[in-house]
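# Structural characterization, general
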Amino acid sequence: MTTYGSFPGTRPRRLRTTPAMRRMVAETRLHPADFILPAFVREGVSEPVPIAAMPGVVQHTRDSLKKAAAEAAAAGVSGIMLFGVPEEAKKDAVGTPGTDPEGILQVALRDVRAEVGDELLVMSDLCLDETTDHGHCGVLDEQGRVDNDATLERYAEMAQVQADAGAHVVGPSGMMDGQIGVIRDALDQIGREDVAILAYTAKYASAFYGPFREAVGSSLRGDRKTYQQDPANVRESMRELALDLEEGADMVMVKPAGPYLDILARVADTVDVPVAAYQISGEYSMIEAAAEKGWIDRDRAVLESLTGIKRAGAQNILTYWAVEAARMLERGR
C-alpha cells in the first residue's frame, strides 16, 4: 500500500503500543481502597452456607465473618457492609431483630469491631427487609402498604442500636422519604455524631436483585416499586440526591451500578461528597455464570466491570469481589 506523505500524522495507537505505555497513560486506576465488601451473617448456623445463586459467596457464621473481615483488612479493602439474616421464627411485622441489641446484625457488628478495630470501616445495612416476616423495607399499614413515617421511627431505633454495636457507618437502604434527616437526628441524640451516613440515594427497583433475595433469606411478598425508584427516571434521582444532602448525608450511593452508569456519572458530576456504587448480586452472578460456561474471561471481566464503575465516577464500589479484586490488583503491580 502506498503511503502519501506522513498521513496519518496523528496516531492515537502510539499510546497503546506496550503494557508499560498503556499503564502510564491510563486515566482510571483501580485500587484496593476503592472497595467495600458486602457480607452476610446468618443466625444459628455452625458452618458457612453457600448461596447457590451467587457462586463463591456464603452466609457466614459469626466466626467465618470475623475471618472474612480480617482478610478484607489485610487486602487493603476500605470497608465491610454487614447484612444480618435472623432465624425465620424471629421475624415479625415490625422487624424486631433489627432493633434488638442481641439481634444477629448487632452481634456481628460487635464481633467485627472486636476483630478489626478501626483497620476496616465497619458498615451496617440499615433496613427492615431482612427482619420482617413480609419482607418489605418498612412497617405496613392496615391496607398492606409501607407506612413511610412509622418506618422512620423504626429506622431511628435501628441507627442507635447499630451505632452502639460499633458501626462506623450506617447505610440506610429502604428509600423512605426523610430517612437521612431522621437517622442523623437519632444518632446525634445519643452522642454518635461521628457515625457517618452512606445514603442509598438512587436505589432502583431492579430485576438484578434476584440472587440477593436468597442471600438474605427474603420473605418478600409483592414488590418494592412504591418506594424504590423507577428505572425509567433520571430527574427523580437528582431530586433524591438534593434531599439526602440537605438532610445530612455524608456519602451518597447509586444502586445498582452497571445498568445505571449514566445516573452514577451525573451524580458524581453534581456533588462534592464521596460517591459510591453497589455492584449488586445480579451483576456478580451474570459474570460468574458466563465465566462458568466459558463464554468470557472471568478475571478480565471482573476488573473491566469495576473499572467501568469507577470511570463513571464512583469513588468507592461495593462488590462481592472486593477482596479477590484487591489481590488481583496487587499481583498486577
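Up top you'll find the structure we're talking about.
Keep in mind it's a predicted model, so treat the numbers as computed, not measured.

Moving on, we come to the packing of helix α10 (residues 298-311) against helix α11 (residues 322-332). Two elements in contact, α10 and α11, have axes whose closest approach is 11 Å; the angle formed by their N-to-C orientations is 100°. If you check the angle between α10 and α11, you find them roughly perpendicular. Together, Arg 298, Asp 299, Val 302, Leu 303 and Leu 306 of α10 and Glu 324, Ala 325, Met 328 and Leu 329 of α11 make up the contact between the two elements. The class makeup of the residues in the contact of α10 with α11 is six nonpolar, no polar and three charged.

It is worth spelling out the pairing of strand β6 (residues 169-172) at this point. Judged by which residues are buried, β6 turns out to be covered on both faces: Val 169 and Gly 171 on one side and Val 170 and Pro 172 on the other are all buried. Both strand β5 (residues 121-126) and β6 contribute to a ladder of four bridges, which runs parallel. Pairing of Leu 126 across the sheet is with Pro 172, part of β6. In this region the chain leaves β5, passes through helix α4 (residues 148-165) and returns to the parallel neighbour β6; the handedness of that crossover is right-handed. With helix α5 (residues 179-189) bridging β6 and the parallel strand β7 (residues 196-203), this β-α-β connection has right-handed handedness.

As a further point, take helix α8 (residues 261-270). Within α8, burial applies to Ile 263, Leu 264 and Val 267. All buried residues of α8 lie within an arc of 100° about the axis, which places them on one face of the element. Where α8 is buried, its residues touch β7, α7 (235-247), β8 (251-255), β9 (275-278) and α10.

Here we come to the pattern of salt bridges. Under the criterion given, the structure shown has 15 salt bridges. Lys 90 is the partner of Glu 43 in a salt bridge, and the nearest nitrogen-oxygen pair spans 2.6 Å. Residue Glu 43 is found in the loop between β1 (35-42) and β2 (49-50), and its partner Lys 90 is found in the loop between β4 (79-85) and α3 (104-116); the two are separated by 47 residues along the sequence. Note on Glu 43: relative accessible area 17%, which makes it buried. Here Lys 66 makes a salt bridge to Asp 63, at a shortest N to O gap of 3.6 Å.

Regarding α11, the residues found buried are Ala 322, Val 323, Ala 325, Ala 326, Met 328 and Leu 329. Where α11 is buried, its residues contact β1, α2 (62-74) and α10.

By the secondary structure assignment, Thr 131 is in the loop between β5 and α4. By relative accessible area, which is 7% here, Thr 131 ends up buried. Excluding anything up to four places from it in sequence, Thr 131 contacts Pro 86, Lys 91, Asp 92, Gly 95, Pro 97 and Gly 98.

Within the secondary structure, Pro 211 is located in helix α6 (residues 210-215). We classify Pro 211 as buried; its relative accessible area is 14%. Remark: the alpha-carbon pair of Pro 211 and Ile 280, spanning 69 residues in sequence, is separated by 8.9 Å.

Once that is clear, we can look at the pairing of β7. Counted residue by residue, β7 has eight buried out of eight residues, so it is predominantly covered. As judged from the two bridges shared by β6 and β7, these two strands associate in the parallel manner. Its bridge partner being in β7, Val 169 is matched across the sheet by Ala 196. With five bridges joining them, β7 and β8 adopt parallel strand pairing. Within β8, the residue paired with Lys 203 across the bridge is Lys 255.

Our focus in this paragraph is the side chain of Ser 206. With respect to the helices, strands and loops of the structure, Ser 206 is situated in the loop between β7 and α6. On the basis of relative accessibility, which here comes to 11%, the residue Ser 206 falls in the buried class. In terms of polar contacts, Ser 206 uses its side chain to reach the backbone amide nitrogen of Phe 208, at 2.9 Å. Those residues in contact with Ser 206, other than ones at most four positions away along the chain, are Gln 228, Pro 256 and Ile 280.

Turning next to a positive patch on the surface. Together, Arg 11, Arg 13, Arg 14 and Arg 16 make up a region of like positive charge exposed at the surface. Among the residues examined, Arg 11 registers a relative accessible area of 38% and is labelled partly exposed.

A few words now on the environment of Gln 279. Mapped onto the elements, Gln 279 comes out in the loop between β9 and α9 (281-292). On the basis of relative accessible area, Gln 279 is assigned to the buried category, the value being 2%. In the structure, Gln 279 is positioned 147 residues away from Thr 132 in sequence and 25 Å away in space, judged by C-alpha atoms. Within polar-contact distance, the side chain of Gln 279 engages the side chain of Ser 305 at 2.9 Å. Within the structure, Gln 279 has its side chain in polar contact with the side chain of Thr 319 (distance 2.7 Å).

The rules behind each value
- Residues numbered from 1 in each chain as written.
- Predicted model: local features only at pLDDT ≥ 70, side-chain atom pairs only at ≥ 80, totals over all residues.
- Heavy atoms only, no water.
- Axes fitted to C-alpha atoms, helices over the stretch in contact; angles between N-to-C directions.
- Helix = DSSP H or I, 4+ residues; strand = E, 2+ residues; numbered from the N terminus.
- Parallel < 35°, antiparallel > 145°, perpendicular 65-115°, else oblique.
- Contact = heavy atoms within 4.5 Å.
- Nonpolar A, V, L, I, M, F, W, Y, C, P; charged D, E, K, R; others polar.
- Buried < 20%, exposed > 50% of the residue type's maximum accessible area, 1.4 Å probe, protein only.
- Pairing = 2+ DSSP bridges.
- Right-handed = clockwise from strand over helix to strand, strands pointing away.
- Arc of directions from axis to C-beta.
- Salt bridge = Lys/Arg side-chain N within 4 Å of Asp/Glu carboxyl O.
- Polar contact = N/O pair within 3.5 Å; in protein donor to acceptor, adjacent residues only side chain to side chain.
- Patch = residues over 30% accessible without salt bridge, like charges linked within 9 Å, V, L, I, M, F, W, Y side chains within 5 Å.
- Areas by Shrake-Rupley, 256 points an atom, 1.4 Å probe, with all protein chains shown as cover.
- Lys, Arg positive; Asp, Glu negative; His and termini not counted.
- Charge placed at Lys NZ, Arg CZ, Asp CG, Glu CD.

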